[in-house]
Structure formats: C-alpha cells, structure tokens
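Report on the structure
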Amino acid sequence: MGVLLASTFSLIRIIIWMSIMSNCISISSSYPICESPYPPHAIPVYEDDVDTLQFAVNLEFLEAEYFLWAALGYGLDHVAPRLVLGGPPPIGAQKAKLDSLTRNIITEFAYQEVGHLRALEKTVGLFPRPLLDVSPKNFAKLFDEAFGYVLDPPFDPYRDSLSYMLSCYVIPYMGLVGYVGANPLINGYQTKRLLAGLLGVESGQDAVIRMYLYERAEELVHPYNHTVAEFTIRISELRNQLAMCGIKDEGIIVPPQLGAENRTESNVLSANFDSISYRRTPGEILRVVYNTGSEHSPGGFYPHGGSGRIAKEFLKMPH
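Source: prediction; values computed, not measured.

Focus on the packing of aromatic side chains
Enumeration according to the criterion identifies 14 aromatic pairs in this entry. Measuring from centroid to centroid gives 4.7 Å for phenylalanine 147 and phenylalanine 231, while their planes differ by 70°, and the two rings are edge-to-face. Of this pair, phenylalanine 147 sits in helix H5 (residues 136–147) while phenylalanine 231 sits in helix H9 (residues 228–243), and the two are 84 residues apart along the sequence. Here phenylalanine 147 matches phenylalanine 231 in class, with each residue buried.

Some points on H5
Look at H5: 16 Å from first C-alpha to last across 12 residues, which is about the 16 Å you get at 1.5 Å a residue. Residues of H5 that are buried: Asn138, Phe139, Ala140, Leu142, Phe143, Asp144, Ala146 and Phe147. Those residues of H5 hidden inside the fold are in contact with helix H2 (47–72), helix H6 (161–168) and H9. Once H5 finishes, glycine 148 follows within two positions and takes phi at roughly 80°, a positive value.

Section: the nonpolar core
With 84 residues, the main nonpolar core has Leu76, Ile106, Leu120, Tyr164, Leu213, Val289 and Phe301 as its most contacted residues. No other element matches the 13 residues that H2 contributes to this core. Those residues in contact with valine 289 that sit more than four places away from it in its chain are Leu59, Met174, Gly299, Gly300, Phe301 and Tyr302.

Some thoughts on the packing of H2 against helix H8 (residues 189–214)
Here H2 crosses H8 at 30°, and the two axes come no closer than 12 Å. Taken as axis vectors, H2 and H8 run roughly parallel relative to one another. Remark: the crossing between H2 and H8 carries left-handed chirality. Residue-level inspection shows Asp49, Leu53, Glu60, Glu63 and Phe67 of H2 in contact with H8, the latter providing Thr191, Leu194, Leu195, Leu198, Glu202 and Gln205. Grouping the amino acids of the contact of H2 with H8 by side-chain chemistry returns 5 nonpolar, 2 polar and 4 charged.

Cut-off values and rules
- Residues numbered from 1 in each chain as written.
- Predicted model: local features only at pLDDT ≥ 70, side-chain atom pairs only at ≥ 80, totals over all residues.
- Heavy atoms only, no water.
- Phe/Tyr/Trp six-rings, centres within 6.5 Å; stacked < 30°, edge-to-face > 60°.
- Helix = DSSP H or I, 4+ residues; strand = E, 2+ residues; numbered from the N terminus.
- Buried < 20%, exposed > 50% of the residue type's maximum accessible area, 1.4 Å probe, protein only.
- Expected span 1.5 Å × (residues − 1).
- Contact = heavy atoms within 4.5 Å.
- Core = buried A, V, L, I, M, F, W, Y, C linked by side-chain atoms within 4.5 Å.
- Axes fitted to C-alpha atoms, helices over the stretch in contact; angles between N-to-C directions.
- Parallel < 35°, antiparallel > 145°, perpendicular 65-115°, else oblique.
- Left-handed = near helix turned anticlockwise from the far one by under 90°.
- Nonpolar A, V, L, I, M, F, W, Y, C, P; charged D, E, K, R; others polar.

In structure tokens, the structure reads:
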C-alpha cells in the first residue's frame, strides 16, 4: 500500500511538472518578446556615464573584500583575481566569528558584490583595486569618533555576529545613496539598466542589515553599555557630520518628526519626509568613507584615496 501511494504521488508530481512546463512553453510561444525595445537611435553608454558609474567601483571593491573575508576567510585575489587588476590586497582583512545565519547572509552579499564588479567591468570598465583598510583598528577609530570617546575594549568588527553586522551598517548604505544620487546623471540605456540593478541589490542589502539590527534594537552590545539602536544612531550622526549636507542618514530608531509620515519612531528604512531614499554626491561620500570630512584628504577605508577620474580629481584639488 505504501509503495502504491508513493508511486501515485510521484506520478502526480510528474503530471504537475509537465503541466507547468507546457504552460511556460505556450506562454513563451505566444509572447516571444521578453525585452523592452529601445528607441532606434538610443545610445547604450554615454561618455559621461563611465566616470559616474566608475566612481561606484570604489565602494563595490570595499564591499566585496569586506564581505568575502569576513564570511570565507579570503578575498577577491582568491575568488576573482582577474577583477583586481593588480591592485594591492586590503589591510587587516580577516575572517569574522559569525553564526551560521549571519555567515549565510554575508556569503550571499559577498558573491553579489563579485557580480557587481563583473557587471561594471562589462559596461564601463574597472580600475585596479585601491588600497583598502578594513582592519579592526580602522573600525575602532570610526566607532570611537561616533561615540565621542575611546571605547574600551576597542570595537572589533570581527569579534562576533552582532559586532560585524553593526560594522556593515557603515558600508552598503553609502552605495545606496550614491546610486540614488548618480541616477539623474546617467543617460545611456545600458548604464541606466545597470545602475537600477545595482541600486536594487544595494538597497536590499541595507534593508537586511537594518532589519537584523532593528530586531535587536534594545540589546546591549557586548562588552559596552550601549544598545544596538544607540550604535546606529551614533554612526548615522557621524556620517551626517562628516558629509556636511544635512540629515541624509538615520538610525533604526528616530524621533517622530523623522519617522514615516511623522508617525513612527521605528525606522527600519532610512528615507526623507516623503519616504524617498536620500541621495549623496561623490564629494559627500568621500568625506564619509575617508572619515576626514574632506573629499580632498584620504583616510578611513581608503588610505591613499579612491580611484577613477572623479575621486582622483578631488585629490588634485587644494585641501
């Protein structure tokens, strides 16, 4: 009887699968066009698009290396050496002590960033990986500045899952606001498509990180006497101060005047009064990721500065 039932269920599954495939083939035959047609004289990539999107390569390198090392214990030189174009390996990268859930999340993020770099290479080209500093010492300095005093012991992003996710709060959001800021400047249909796809995944990563932290908002971050919510608020305040262009960054808990429709104190997603994502210029982003408050003074994650024409032009200007 058991064998008969198993055979019957197997037959039913085969029939359902064949029915689904038949419908798919029928739909495909009826509607063969799967891509939106572009205007006959549309340009795939405008010359100015290249510099704008190449600026984002700086952040994509940072995210790829930071995620890969934390989850897997090795970086782009092992996973996709062709993409680094001979650039130096990152400073202080190491494997983080992550639980299985967090490791799975970060592993997925890591491989997504490899894909982003490959897509950028195909569309606008890459430059050699800039020197990146993802050492515990660099993060400790950043979190000390956020709190206004020296944390004891120094903040270590690789210590545990929560510490690592708090450190991740620092990075993908800058890519998100950077892509939103770049969007109006892009004209080619291939570059528009690429930017939209990159923005979709970067915003998704940021949402996952924020939700992870929001669920733990009231937890104390060991070994400090500060909650997860306090950490996010302090980091967001520091980024606003460094960028010097008003509030474009918000923690996971906010006063009602910054919440959705001024009615919430929860702030799972950071957005403006109309719940539209904030945007930042390249100058603002460099002030933050350099951790110097100046797009002309390298530091922070980029000891020698960013690469690409836009970042290099800022370095040439007087401080």
